[in-house]
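Analysis of the macromolecular model
Residue strings, one per chain:
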Amino acid sequence: MTRLKLVRFYGLYTRHLRTVVASLVLATLLTLLLYTTPNTTNFILSSTSNSLSGSVLGVEEEVQCLPHHHIMFLKTHKCASTTVQNIFLRYGYTHNLTFALPSAGNYLGNPGFFKASMIPRDLMPFKEKVDIFALHTRLNPPEHAHVLHNDTRWITIIRDPSALYESLYNFFHMNLGYGFELSEFSTRPMSELASLPRYGGKFGKNQMLFDFGYPDDMSVSELRRAIEELEKLFDLVMISEHMDESLVLMRHLLCWSLHDVVVFAKNARRQEVKPTLSPEMQQALRELNSADVLLYNHFLARHRHAVFEFGVQRMADEVAALRSLRDEYYEDCGAREVKGRDSSLRFKEYSGLVSAYVTSNNSDQNCIMLSLPELPLVDTVRRHQETLLNVDELS
């Protein structure tokens, strides 16, 4: 074979060999993709201090992050906020974080606006900054910011206004103050309902806007400006009707693991005691709370957009993992649901209308805190903080 033919032969052989190898590699990759199932749940449940998966235009990226410990949670009335609060109180307690706390009870302002001076000196950390604010309050951003770190994440939760108002009216027995039942709302003049004073100075129409520190009666332009201000202030506005999706978004915002956002529903009325609202009643309540309706619709649209950006299937996977993990905690804690004033409860709920939990695993601190009502849990956190601050003074 001549030298030229030999070179041509080896060149052809080499190209053929490369083609064969490339085909084998491609076939192997396709086999792995088609027949190997990634363990998504294990990744989701793992601590996000290792990595946090993000998605931009469908391209997955690994973003390194550390758990965030500075949080402002505005606890809105009758929006499932006690459920979310339980997460923050447990997390802060476990990680020895400091809280904004009154000397007693669970309010720091409301109906009056919050002032930094409401926090007693013996419960204020030395640097006069707290890690977590997670109590009922009436929003006053400059005063809240005074006791919070500069990198604080601002979070709140809202609810469909007609469902919120029904819950508010019946839970706090507002009929005793107004002299008529909620069932009469659809037959009474709207002018009469709109002129009702706030019950106890605290509860009434457009409750979410009131908790956010605004008047309950605003012009459309004032309302739009208020919504713009809230959008700039809050890093996340959770939606009560989409609780699990909101928890997933929250855990990514804070770079927490899925374990950190497991929670049992707190202070929620049992299904059998919830009244069914007629279409006429719902319409009357929506008209009465029209400002809250605009607020809710705006942030509901923002939530849906956030889920879309997060990835619909990715969100479904994490929600399924969260619910499965919650079931595991329920079983491991030996939890069972009882009425809120059940005689078997050591710590009773505000009302017998709501559900409470009894756990058989009383050796696990997390199980105990998962089952505690709000007031006993706040008391537990307060005692823990007093101990932490005393130790800091001695050291």
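Everything that follows concerns the structure shown earlier in this document.
In this report, the structure presented in the accompanying data block is examined. Keep in mind the model is a prediction, meaning the values are calculated, not measured.

1. Considering the state of the cysteines
- Under the definition given, this model contains two disulfides.
- A sulfur-sulfur distance of 1.9 Å marks the disulfide that ties Cys65 to Cys255. Between Cys65 and Cys255, the S-S torsion sits near 70°, and that sign places the bridge as right-handed. Of this pair, Cys65 sits in the loop between β2 (59-63) and β3 (71-74) while Cys255 sits in the loop between α10 (243-254) and α11 (279-288), placing them 190 residues apart in sequence.
- In the chain, the bonded cysteines, numbered by position in the sequence, are linked as 1-2, 3-4.

2. Some details on the sheet that holds β3
- Taken in spatial order, the four strands line up as β5-β3-β7-β8 in an open sheet, and their pairing is parallel. Looking at which strands have only one partner, the edges of the open sheet turn out to be β5 (132-133) and β8 (236-239).
- Against the sheet, α10 engages β3, β7 (153-158) and β8, with an angle of about 160° to β8.
- This element, helix α12 (residues 290-310), spans β7 and β8 of the sheet and lies at about 100° to β8.

3. Side note on the packing of aromatic side chains
- Tallying each qualifying case throughout the model produces 18 aromatic pairs.
- Plain terms: the ring middles of Phe114 and Phe133 are 5.3 Å apart, the flat faces sit at 90° to each other, and that makes the pair edge-to-face. Here Phe114, found in the loop between β4 (107-108) and β5, pairs with Phe133, found in strand β5; they are 19 residues apart in sequence, far enough to count as distant.
- Phe114 sits in the buried class, given a relative accessible area of 0%.
- Following the ring pairs from residue to residue traces out a cluster consisting of Tyr165, Tyr169, Tyr178, Phe180, Phe185 and Tyr199.
- One residue, Arg138, lies across the ring of Phe210, its end atom 3.7 Å from the ring centre.
- A cation over an aromatic ring shows up here: Arg188 above the ring of Phe180, its NZ or CZ 3.9 Å from the ring centre.

Parameters and conventions
Residues numbered from 1 in each chain as written. Predicted model: local features only at pLDDT ≥ 70, side-chain atom pairs only at ≥ 80, totals over all residues. Heavy atoms only, no water. Disulfide = S-S within 2.5 Å. Helix = DSSP H or I, 4+ residues; strand = E, 2+ residues; numbered from the N terminus. Pairing = 2+ DSSP bridges. Contact = heavy atoms within 4.5 Å. Axes fitted to C-alpha atoms, helices over the stretch in contact; angles between N-to-C directions. Phe/Tyr/Trp six-rings, centres within 6.5 Å; stacked < 30°, edge-to-face > 60°. Buried < 20%, exposed > 50% of the residue type's maximum accessible area, 1.4 Å probe, protein only. Lys NZ or Arg CZ within 6 Å of the ring centre and 35° of its normal.

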